[in-house]
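# Structure assessment
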Amino acid sequence: MKDLKHLTDDDLVKMYAGGDNEAFDALLERYRYSLYSYILFNVRNEDVANDIFQETFVKVITNIQAGNYLASNKFQAWITCIAHNIIMDNFRKQSSDNTVSCDDEDNAILNCANLCDSNIETQRIREQSLSDIVTLYKQLPKPQSEIVFMRFYQDMSFKEIAEELNISINTALGRMRYALINMKRIATQKNLFYEWG
């Protein structure tokens, strides 16, 4: 195996896109530990982390071979973003798989009206919370508010947002970070309290 350690990520991506599999091995070796650690920290399950790690690199390979990696991107941020999107898809799938049907007799208690989350009081609190969140994000600077809108209301990935706004993924992530900080500050000033992740 030739020594590829001195090459940049972008050089290795170009070489791999040109058919040099050793270049991809060098990229994998360079980021394997940090990416796996990031995934495991988020999912806290080794089997799931291994699956997501493999799926991430399948998507990385597919995207590089399709010419979807731009040299201006930071490779590590790009693969982390891919992993993040897969993690979020996994969480969404788990929450839908854990839904219990209320139609069979064994779960008839779940149909009891006074145990239902959607009573009038809960509904009003939820509506007020949504209204407060809209108020918060509308007070953000435009570059931050559009990121929040695209991410949470249009369910776009950071890669899609970056492409739509013609910015880097790092810039999109940075704007989201500042948007959340600012929303938390505004919520504190207005005595609105939420769980901030």
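Going by the structure above, here's the rest.
Let me sum up the structure you'll find in this document. All of these numbers come straight from a predicted model, not from anything done at the bench.

### Overview of the environment of Y178
Looking at where Y178 falls in the secondary structure, it is placed in helix α8 (residues 169–189). Counting along the chain gives 34 residues from Y178 to Q144, while the straight-line C-alpha distance between them is 7.3 Å.

### Here we look at the nonpolar core
One finds I39, V60, I64, F75, W78, I79 and F158 to be the most contacted residues of the largest nonpolar core, which totals 45 residues. Counting residues per element, the ones that place at least two in this core are α1 (9–17), α2 (21–43), α3 (46–65), α4 (75–97), α5 (120–138), α6 (142–153), α7 (158–165) and α8. Those residues within four positions of V60 in sequence are excluded, and the remaining contacts are F24, F75, W78, I79 and I82.

### So, the pattern of salt bridges
All told, the structure shown has five salt bridges when counted by the stated rule. The residue K142 makes a salt bridge to E146 at a minimum N-O spacing of 3.6 Å. Of this pair, K142 and E146 are both found in helix α6, four residues apart, which corresponds to roughly one turn of the helix. A relative accessible area of 62% places K142 in the exposed class. Judged by relative accessible area, E146 falls into the partly exposed class, the value being 23%.

### Section: unusual backbone geometry
Leaving glycine out, the prevailing phi sign among residues is negative, and the prevailing peptide bond configuration is trans. In this model, R44 sits at a positive phi of 55°, which is unusual for a non-glycine residue. With respect to the secondary-structure elements, R44 resides in the loop between α2 and α3. Residue class for R44 comes out exposed when judged on its relative accessible area of 63%. Positive phi, close to 60°, is recorded for N166, a residue that is not glycine. Looking at where N166 falls in the secondary structure, it is placed in the loop between α7 and α8. Residue N166 is classed as exposed on the basis of its relative accessible area of 69%.

### A look at the side chain of N182
Mapped onto the fold, N182 is located in helix α8. Beyond its immediate stretch of four places on either side in the chain, N182 contacts L140 and Q144.

### Some details on α3
Taking 1.5 Å per residue, 20 residues should reach 28 Å; α3 reaches 29 Å between its end C-alpha atoms and fits that length. Within the sequence span of α3, burial applies to A49, I52, F53, T56, F57, V60, N63 and I64. Considered in projection along α3, the buried side chains sweep an arc of 135° and stay on one side of the axis. Away from the buried face of α3 by more than 90 degrees, exposed residues D47, D51, Q54, V58 and Q65 are located. Its side-chain oxygen at 3.0 Å from the backbone nitrogen of D47, N45 defines the N-terminal cap of α3.

Rules used throughout
- Residues numbered from 1 in each chain as written.
- Predicted model: local features only at pLDDT ≥ 70, side-chain atom pairs only at ≥ 80, totals over all residues.
- Heavy atoms only, no water.
- Helix = DSSP H or I, 4+ residues; strand = E, 2+ residues; numbered from the N terminus.
- Core = buried A, V, L, I, M, F, W, Y, C linked by side-chain atoms within 4.5 Å.
- Buried < 20%, exposed > 50% of the residue type's maximum accessible area, 1.4 Å probe, protein only.
- Contact = heavy atoms within 4.5 Å.
- Salt bridge = Lys/Arg side-chain N within 4 Å of Asp/Glu carboxyl O.
- Expected span 1.5 Å × (residues − 1).
- Arc of directions from axis to C-beta.
- Polar contact = N/O pair within 3.5 Å; in protein donor to acceptor, adjacent residues only side chain to side chain.

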